[in-house]
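This is what each chain is made of:
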Amino acid sequence: MFDNFKVPEHLFPSDPRFGCGPSVIPVSHLESLAKTGVKLMGTSHRQSAVKNLVGEVITGLKTYFKVPDDYAVVLGNGGATLLFDMIGLGVVEKSSAHFTCGEFSNKWYLAHKNIPWLEPKEFASPFGKGITPKAEAGFDMICCTLNETSTGVQIDSLPTVDANTILAVDATSGGGQVPCDVSKTDIFFFSPQKVFGSEGGLWIAIMSPKAVNRALKIEADSKRYLPHIMSWKQAIENSSKNQTYNTPAIATIYLLNEQIKVLNSVGYDKVIAGAKEKAKLLYGWANEKSYLTPYIQEEKYRSIAVATIDVDEKYKVDDLLTVLRKQKVIQDIDGYRKLGRNQFRISMFHNITLENLDKLTKVLSMAIELA
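Criteria and cut-off values
- Sequence positions are assigned chain by chain, starting from 1 and proceeding in written order.
- Local features in a predicted model are, by the rule used here, given only for residues with pLDDT of at least 70; side-chain atom pairs are given and counted only at 80 or more, and totals for whole chains, interfaces and linings are based on all residues.
- For the side-chain quantities, the full set of heavy atoms in the structure was used; hydrogens and water were omitted.
- Strand pairing follows a simple DSSP-based rule, namely that at least 2 bridges must link the two strands.
- Secondary structure follows DSSP: runs of H or I at least 4 residues long count as helices, runs of E at least 2 residues long count as strands, and numbering of each begins at the N terminus.
- For the handedness criterion, the strands are oriented away from the viewer, and a crossover whose path from the first strand over the helix to the second runs clockwise is classed as right-handed.
- Centres within 6.5 Å are what make two rings of Phe, Tyr or Trp a pair, Trp counting through its six-membered ring; a difference in plane orientation under 30 degrees is then read as stacked, over 60 as edge-to-face, and the rest as tilted.
- Between buried and exposed lies partly exposed: a residue is buried under 20% and exposed over 50% of the maximum accessible area for its type, with that area taken using a 1.4 Å probe on protein chains only.
- In what follows, salt bridge is the name for a side-chain nitrogen of Lys or Arg lying within 4 Å of a carboxyl oxygen of Asp or Glu.

(A) Inspection of the pairing of strand 3 (residues 121–124) at higher detail. As defined by bridge partners, strand 2 (residues 96–100) adjoins strand 3 across four bridges and the pair is classed as parallel. Note that in strand 3 the partner of histidine 98 across the bridge is glutamate 122. With helix 4 (residues 103–113) bridging strand 2 and its parallel neighbour strand 3, the resulting β-α-β unit is right-handed.

So, in structure tokens, the structure goes:
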């Protein structure tokens, strides 16, 4: 159907990457990393060159998110998925409530469900539907996902929890451009391969004093199993010294720091405003075309980081994307594999420009309408 389609040169985006992870890393950031030469890569993470870099990351995140002075910014290796287990093992006392609406929020619930001494409960919304987390009674942690990468759902609000309850928010694919007052959370965590324009393999947790105290108390007082690599005490203490517990990927931290500089130069509110403009473009396009439908029906739950758009079944998305990838024009806008839908899933992360998204919509419309 699309074999003879050729993208006009004037519609070529300046960057073909529109995927929802890993992130678009600006070439200028890679060039900047290369210029560090022998001064950074291959240096011990206990030495000042790396410690200064980690310190910049922590300070930059505190500035960007307006983190309260008594909160801790904690870094470690392994990515946000590791934190699903680490939070369950080391911060939940007995029971966690999980508000799920897709693959990754459900994955967090299953991680806690597999810990024998915990009693988690899932409050699930069908895939494609939004969800509003609540402060359910009888749980010492409320778990919610700021932006569900698999479905393109973002939550519309945060619950208010009491002094004995931890509010934990997985912000991996939305943190940085989906609005969230970090001071209303106890654990706000993400890995940097989305909005923060870096590679994976690192996790960042912004923790309230309540969350820090809970983690340290559990580790000190209980006899429960906690792998040393998942020690909150080690992670918190090392981060307070601008270090990670074990050897990190320095390139990942460097690229993260470069992106934090960019985001701070723009400002949190303007980053969010830019994301809303991109969402307006994509969802407006989907509503305008008869062969497209926004997957998330309720507007208040539509993500401004990840747009999911269903396509009429007579136009096979996989076939179209194969043609576009061969032409090296557009890549990685496939729907999430486990959903099994004929769908585009398009990133609106900060490094993807409005101009390129506009060209993307024009290319996709032309291909479908000429088919």
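Here the narrative resumes, following the displayed structure.
(B) Local environment of the packing of aromatic side chains. One pass over the full model with this rule turns up 18 aromatic pairs. Look at phenylalanine 65 and tyrosine 268: their rings are 5.9 Å apart centre to centre, the planes differ by 65°, and that puts the pair in the edge-to-face class. Here the residue phenylalanine 65 occupies a position in helix 2 (residues 48–65), and tyrosine 268 occupies one in helix 8 (residues 268–288), the gap between them amounting to 203 residues. With respect to burial, phenylalanine 65 and tyrosine 268 carry one shared label: buried. Ring geometry for tryptophan 285 against phenylalanine 344: centres 6.4 Å apart, planes inclined by 20°, an arrangement best described as stacked.

(C) Examining the pattern of salt bridges more closely. Taken as a whole, this structure holds 14 salt bridges when the rule is applied. For glutamate 237, the salt bridge is made with lysine 233, and the minimal N-O distance between the two is 2.9 Å. Here lysine 233 and glutamate 237 lie together in helix 6 (residues 232–240), a separation of four residues that amounts to about one turn. For the salt bridge of lysine 289 with glutamate 288, the shortest nitrogen-to-oxygen distance reads 3.7 Å. Using a relative accessible area of 18% as the deciding quantity, one classes lysine 289 as buried. What emerges from the salt-bridge pattern is a single network uniting Glu93, Asp140 and Arg214.

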